[in-house]
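Observations on chain architecture
Okay, here's what each chain looks like letter by letter:
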Amino acid sequence: MASDDRNLADRSGKLFESHKGYDPRVVFFYFITAGLLLLLGGGLAYQQLFRGDLYHDRERAQNQRRILVPGPRGNIYDRHGELLVGNRPRFAVVLYLDELRARFRTEFIRIRKNYRETDDQELPTAEQLWTLARVSVVQSYLEQINAILGRDLKVDAGRLNKHFARDLLLPYPLIEDLPPADYARLIERLPVVSPLQLYTTNTRDYPHASTASQTLGFVGINEDVESNNLSGSDLTTFKMRGSIGRDGLELKFDPLLQGEAGGSIFRVDPLGYRLRDTKAVETLLPVQGKNLVTSIDLDLQLTAEQAIGDQVGAAVAIDVRTGEVLVLASKPDYDLSKFAPRLNHADAADITARGAWTNLAISGAFPPGSTFKILTSIAGMRAGVIDPAEPLDHCQGSIQIGNRTFVCNNDRGRHGEILLPGAIAQSCDIYYFAAGRLLTQDRLAAEGRRFHLHERTGIELPHETRRMIMPDSEYKERVFGEKWFPGDTANASIGQGYVLVSPLQMACFAASVARNEVHTPPTLVHRPNAPTLKTESIGLTPAQRSALVEGMVLTITEGTAKALNIDQFKIPGVRLAGKTGTAQKIVTKDGKTGTINLAWFICFAPADNPEIAMAVMLEGDTIGEEFGGGRNAGPVAATVIKKYFENKNRPADQKITPFKVE
Amino acid sequence: MPKRFDQARPFLTLGLVVAAWLIVPTVFKTFTRASFFELTAPVSVAASYARDLQEYWSLRLRSNSELIEAGRDLARLNASYDLAVQQNVEMQGEIARLEAILRLPSYSGYRSEHARVVRRDFSGWWQRLTIRKGKNFNFTVGSPVVFSGGVVGRVSEVFAYTATVDLISSQTVRLAAVVEGDIRPISYQGGLNPTFSSAGGVIEFVPLDIFASANATKRLVTSGLGGVFPPGLTIGSVIKVEPSTDGLFKSGEVKLDDRLAALTEVTVLVPLESY
């Protein structure tokens, strides 16, 4: 013991070894350690407090996926609540590939083992083995369906691989558009819990096929479905295909009709497979778009289209009081049901060949022919050059204007001294040539502009023509670099020459004349309590107005449209006021150039208290054939008008009950 | 050995058993499970027979006048059933004649096999019955099971002398149904039915023009289109339908027959082609 103490004393120099509490060299390391700890703590705090959100977002982006499902589009109804365009469910049986990760792996191992056991020298690549495994597994599920439905379907490997690579989280459709019987069998025979599931999508449904096809329009595929209500716009998103309006009302009202997309956010593993037995982080149900109630009257529309038949042309009917369009028919048309779910190339080519894409009622611009004489009459009376009680000229069948001789194309040489009502009824060209000469073109064009015939109507449809022309001297100078001749005025006064209008414009013009006003903005949206339109008055005296309407009534009873004065078209207690027109159009058919006739008819009824106005334009199909407004276009309008009053006078218990659409 | 280790021994043993169960092959587990059911089935069946005997002795305690009255009621019931059977035979003959004229395929035939319920197993997860017949009567998985009030469910497992029936109140049962008077198939599935609550189910893909409420219920019947259940069997009453947000369909609730929870006898429809 004494010896040990001595040794200790020798080593420390003291009997007891003592710890030195303060050593500047050690303190230096204290500071270094504290500094490092501070740095570490600061770094942690920085990462946690300032970069926490960033890492959270990165973690979300890495292990969450968003699936967007488009909402169905809203329905389109006619003014009485008849469905014009709806949605039809499409039943499909689908396979959720993202639930089959384990099965794919097992099958991969089995196939690889088989190759190795057979000592096959041409062992497929890993990617090829994966493809084989996926096809094999999916085929095994498809065999279950084949057994239930008695089919013999095979997996399309290319389509499967594409879906696997791009849309792993979206259901893979094995069979689409299942008929109800097959769908019912699968409901009962497929296991409730399985990667195989029944799935419903929807497509547009057109219960009336080609009716109002160009007006209603069609939809196309929308690959870019978006949702403002489902969070996670920064996440990798899988989008199911939606639809978007491409033409007609579907295009114009797309924001209204478009449904609100729903969807889900799921957690996935690093390979992108959905984590098993986990619920969606967030789910939002898709919502159907808003419904649109149009002003179209389905019954009248069908009547108009049936009356036009296989002819080329258009018919427009307007509610005189509100400007609501009751009929907007154009032929040729196309079958909308061929667009659901998508139009094939053959049908598209057929529509193109028939020229059926164009809505002639709004996109076509045609010379209005003698229907324009109503405007010339109004302009003449307002300018004081036409006195309804005085003859304007003596119709001898021709008139010399400038250095040209113009002939009367209607009953040449028989009109003699004729008053305004007779001139309208007999459509005497000489009367209007004389009126145009006295009126001057600038005043005639100004009257046309007053009725808004020089501009678009503003109807809620795309592709309304801009080619309407209300010509004057400035127009001819600007476009052709030529001065205006008196002969040009003569042509314009009977709706020929440079004058071009659309059938819709003429229907609006007829409605304006019916209301004794100058402007009728048309609309395709039905408003049950829409107020009566009130625009600028035409400015005719009662006598002038009376003469104008009398001329239009005489047109039907004894004038150029007397073909309508038969029981087939007569409406008890209702007088129809109308004006025929026949214009020419130069065409080349079968290598032969010539003119075909454009048959026009504008009208309103009842003549005393108008409710409905119409314009019909039909194209003749044979060069040089007899084709005119009274004979061809008039019956179409008269049939529709008669139907209108039949429906109106139908007993209350047989009427279609208007409904309210939310 | 430390005392603490002794205390932990049961937990250790349990852990070892669980670990061993996890790693044994699936074939062994399946065999064990099937064996368990086959071994316990006689116990359930014996208990069922004992209950029958109990009921028999309880009936023996009834007075003669009560039994005579019950016998009369039964005779009347039998008479009405005899009449219904005769009418059914006539109708089946007429259907066969029409099918022959129109060259329509006949519906698949079924053989009715009555079976006594030996056990009811209701939980929030499943709702099942065990019945006293199995492979010995050629039952097959998926066979429809009915009772006087309509559909009971489907056979989900078949053992030597017993079979398990998944009730239509169970979420594992789905079938193609139609609302009475309509022909469009809709999907019926058992709902979430907590213990002691009245049984119900849900319907999906209901056309928009179908309306029903608690005050104006609609009868839901089998469609016959699914190929498992014959058409026209009552499933329950539709007590609520409401449109889904996508506007394509409605979905709704179905109230099932309260007698499903107290069944003592059911009928298994064994498809003839599988017999």
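Residues numbered from 1 in each chain as written. Chains lettered and ligands numbered in written order. Predicted model: local features only at pLDDT ≥ 70, side-chain atom pairs only at ≥ 80, totals over all residues.

This part takes up the overall build of chain B. Helices and strands together make up the secondary structure of chain B, namely three helices and twelve strands. A globule of 275 residues ought to have a C-alpha radius of gyration of about 19 Å, yet chain B, at 24 Å, is considerably larger. With the principal axes as the frame, chain B shows a C-alpha extent of 85 × 65 × 40 Å. Within chain B, the proportion of its 275 residues that are buried is 31%. (Helix = DSSP H or I, 4+ residues; strand = E, 2+ residues; numbered from the N terminus. Rg over C-alpha atoms; globule rule 2.2 N^0.38 Å. Buried ≥ 20, exposed ≤ 12 C-beta atoms within 10 Å, placed from the backbone.)

Right, let's talk about the overall build of chain A for a bit. Secondary structure assignment for chain A yields 22 helices and 20 strands. For 662 residues, the compact-globule formula gives about 26 Å, and the C-alpha radius of gyration of chain A, at 40 Å, lies well above that figure. Taken along the three principal axes of its C-alpha coordinates, chain A extends 160 × 70 × 55 Å. The buried share of chain A, taken over its 662 residues, is 42%. Taking as baseline every contact in chain A between residues at least 6 positions apart, the subset at least 24 positions apart corresponds to 75%. (Contact = placed C-beta atoms within 7 Å.)

It is worth spelling out the environment of I596 of chain A at this point. Residues and elements named next belong to chain A. Looking at where I596 falls in the secondary structure, it is placed in strand β19 (residues 592-605). We classify I596 as buried; it has 20 C-beta atoms within 10 Å. Separated by 13 residues in the primary sequence, I596 and A583 have C-alpha atoms spaced 8.4 Å apart.

Our next topic: the environment of G289 of chain A. Its location among the elements puts G289 of chain A in the loop between β10 (282-284) and β11 (292-293). In this structure the C-alpha to C-alpha distance between G289 of chain A and A365 of chain A, which are 76 residues apart in sequence, comes to 35 Å.

Before going further, it helps to spend a moment on the interface of chain A and chain B. Between chain A and chain B, the residue contacts involve 19 residues of the former and 20 residues of the latter. Of all the elements in the fold, those that place two or more residues in the side of chain A that touches chain B are β3 (83-95), α7 (180-189) and β5 (196-205) of chain A. No other element matches α7 of chain A, which puts eight residues into the side of chain A that touches chain B.

Moving on, we get to the nonpolar core. One finds A315, V316, A507, A510, C603 and M614 of chain A to be the most contacted residues of the largest nonpolar core, which totals 123 residues. Looking at this core element by element, the count peaks at nine residues for helix α20 (residues 503-515) of chain A. Composition of this core by domain shows at least three residues from each of domain 1 (66-293) and domain 2 (298-335 + 361-650) of chain A. Membership of the second largest hydrophobic core comes to 66 residues, among which are V145, L220, F229 and V241 of chain B. (Core = buried A, V, L, I, M, F, W, Y, C linked by C-beta atoms within 7 Å. Domains from an automatic or database assignment.)

All names here are of chain A. If you walk across this open sheet you meet the four strands as β7-β1-β9-β10, and the pairing is mixed. Both outer strands of the open sheet, β7 (236-239) and β10, are each paired with one neighbouring strand and no more. For this sheet the average axis-to-axis angle between neighbouring strands, irrespective of direction, equals 20°. The pairing of strand β1 (residues 64-69) with strand β9 (residues 262-267) spans six bridges and is antiparallel. Note on β9: the bridge partner recorded for Q64 is R267. (Pairing = 2+ DSSP bridges. Axes fitted to C-alpha atoms, helices over the stretch in contact; angles between N-to-C directions.)

Further remarks concern the confidence of the model for chain B. Residues of chain B with pLDDT of at least 70 account for 95%, and the chain-wide mean is 87. Here the predicted complex carries an ipTM of 0.75, next to a pTM of 0.76. (pLDDT = per-residue confidence, 0-100.)

A few words on the environment of I265 of chain A. All names here are of chain A. When you line up the elements, I265 lands in strand β9. Taking the C-beta count within 10 Å as the criterion, I265 has 19 such neighbours and is therefore assigned partly exposed. In this structure, the C-alpha to C-alpha distance between I265 and N632, residues 367 residues apart in sequence, is 62 Å. For I265, the residues in contact, after removing those within four places along its chain, are Q64, R66, G232, L235, A280, V281 and E282.

All names here are of chain A. One open sheet holds the five strands; their spatial order is β13-β12-β20-β19-β18, and the pairing between them is antiparallel. Each edge of the sheet is formed by a strand with only one pairing partner; in this case those strands are β13 (325-331) and β18 (577-589). Across the sheet, the mean angle from the axis of one strand to that of its neighbour is 10°, orientation sign disregarded. Bridge count for strand β12 (residues 312-319) against strand β20 (residues 612-619) is eight bridges, and the pairing is antiparallel. In the sheet register, D319 faces β20, and the bridge partner there is I612. The strands touched by helix α22 (residues 629-648) are β12, β13, β18, β19 and β20; relative to β19, the strand with the most contacts, the crossing angle is about 30°.

All names here are of chain A. Interaxial distance between helix α11 (residues 298-308) and α22 falls to 9 Å at its minimum, and their mutual angle equals 155°. Of the possible angle classes, the one that applies to α11 and α22 is roughly antiparallel. Seen along the crossing, α11 lies across α22 with a hand that is right-handed. In contact with D299, L300, T303, A304, A307 and I308 of α11, α22 contributes P635, V636, T639, V640, K643, Y644 and N647. In terms of residue class, the contact of α11 with α22 is built from eight nonpolar, three polar and two charged. (Parallel < 35°, antiparallel > 145°, perpendicular 65-115°, else oblique. Left-handed = near helix turned anticlockwise from the far one by under 90°. Nonpolar A, V, L, I, M, F, W, Y, C, P; charged D, E, K, R; others polar.)

The subject of this paragraph is the domain arrangement of chain A. All names here are of chain A. With domains assigned, chain A is organised as domain 1 (66-293) and domain 2 (298-335 + 361-650). A separation of 53 Å is found between the C-alpha centroids of domain 1 and domain 2. With 17 residues of domain 1 at the interface, the matching set in domain 2 holds 14 residues. Looking at the side of domain 1 that touches domain 2, the elements with two or more residues in it are α8 (213-216) and α9 (248-252). A per-element tally of the side of domain 1 that touches domain 2 places α9 first, with four residues. The residue inventory of the side of domain 1 that touches domain 2, partitioned by class, reads six nonpolar, six polar and five charged.

Residues and elements named next belong to chain A. Residue P332 is reached from K331 by a cis peptide bond, and omega for that bond is 0°. With respect to the secondary-structure elements, P332 resides in the loop between β13 and α12 (345-354). Cis geometry is found at the peptide bond from A605 to P606, where omega equals -15°. With respect to the secondary-structure elements, P606 resides in the loop between β19 and β20. The backbone phi angle of H452 is positive, close to 60°, even though this residue is not glycine.

Attention shifts here to helix α2 (residues 26-60) of chain B. In an α-helix, one full turn covers 3.6 residues, which means residues spaced three or four apart are oriented alike. All names here are of chain B. Taking 1.5 Å per residue as the helical rise, α2 with its 35 residues ought to reach 51 Å, and the 51 Å between its terminal C-alpha atoms agrees with that figure. By the largest-angle criterion, T40 marks the main kink of α2, which is about 30°, and a proline, P42, follows within four residues. The buried fraction of α2 amounts to one of the 35 residues, a small share that puts the element mostly on the outside. (Expected span 1.5 Å × (residues − 1). Bend = angle between axes of the 7 residues up to and from the residue.)

So, on to helix α16 (residues 429-439) of chain A. Counting buried positions over the eleven residues of α16 of chain A gives nine, a clear majority of the element. A positive backbone phi angle near 75° is found at T440 of chain A, which sits one or two residues after α16 of chain A.

Residue and element names in this part refer to chain A. Judged by how many residues are buried, β12 sits mostly within the fold: eight of eight residues are covered. In β12, alternate side chains face the same way, and those of V312, A314, V316 and I318 on one face and G313, A315, A317 and D319 on the other are all buried. Where β12 meets β13, six bridges bridge the pair, whose relative direction is antiparallel. Residue V316 lies in a different strand from β13, and its bridge partner there is L328. Here β12 folds back onto β13, and the loop between the two strands holds five residues, one of which, G323, carries a positive phi near 80°.

Our next topic: the pairing of strand β2 (residues 127-131) of chain B. Residue and element names in this part refer to chain B. The buried fraction of β2 is high, at five of five residues. Neither face of β2 is exposed, since Q127, L129 and I131 on one face and R128 and T130 on the opposite face are all buried. Taken together, the five bridges between strand β1 (residues 110-122) and β2 define a ladder with antiparallel strand orientation. Bridge pairing links D121 to R128 in β2.

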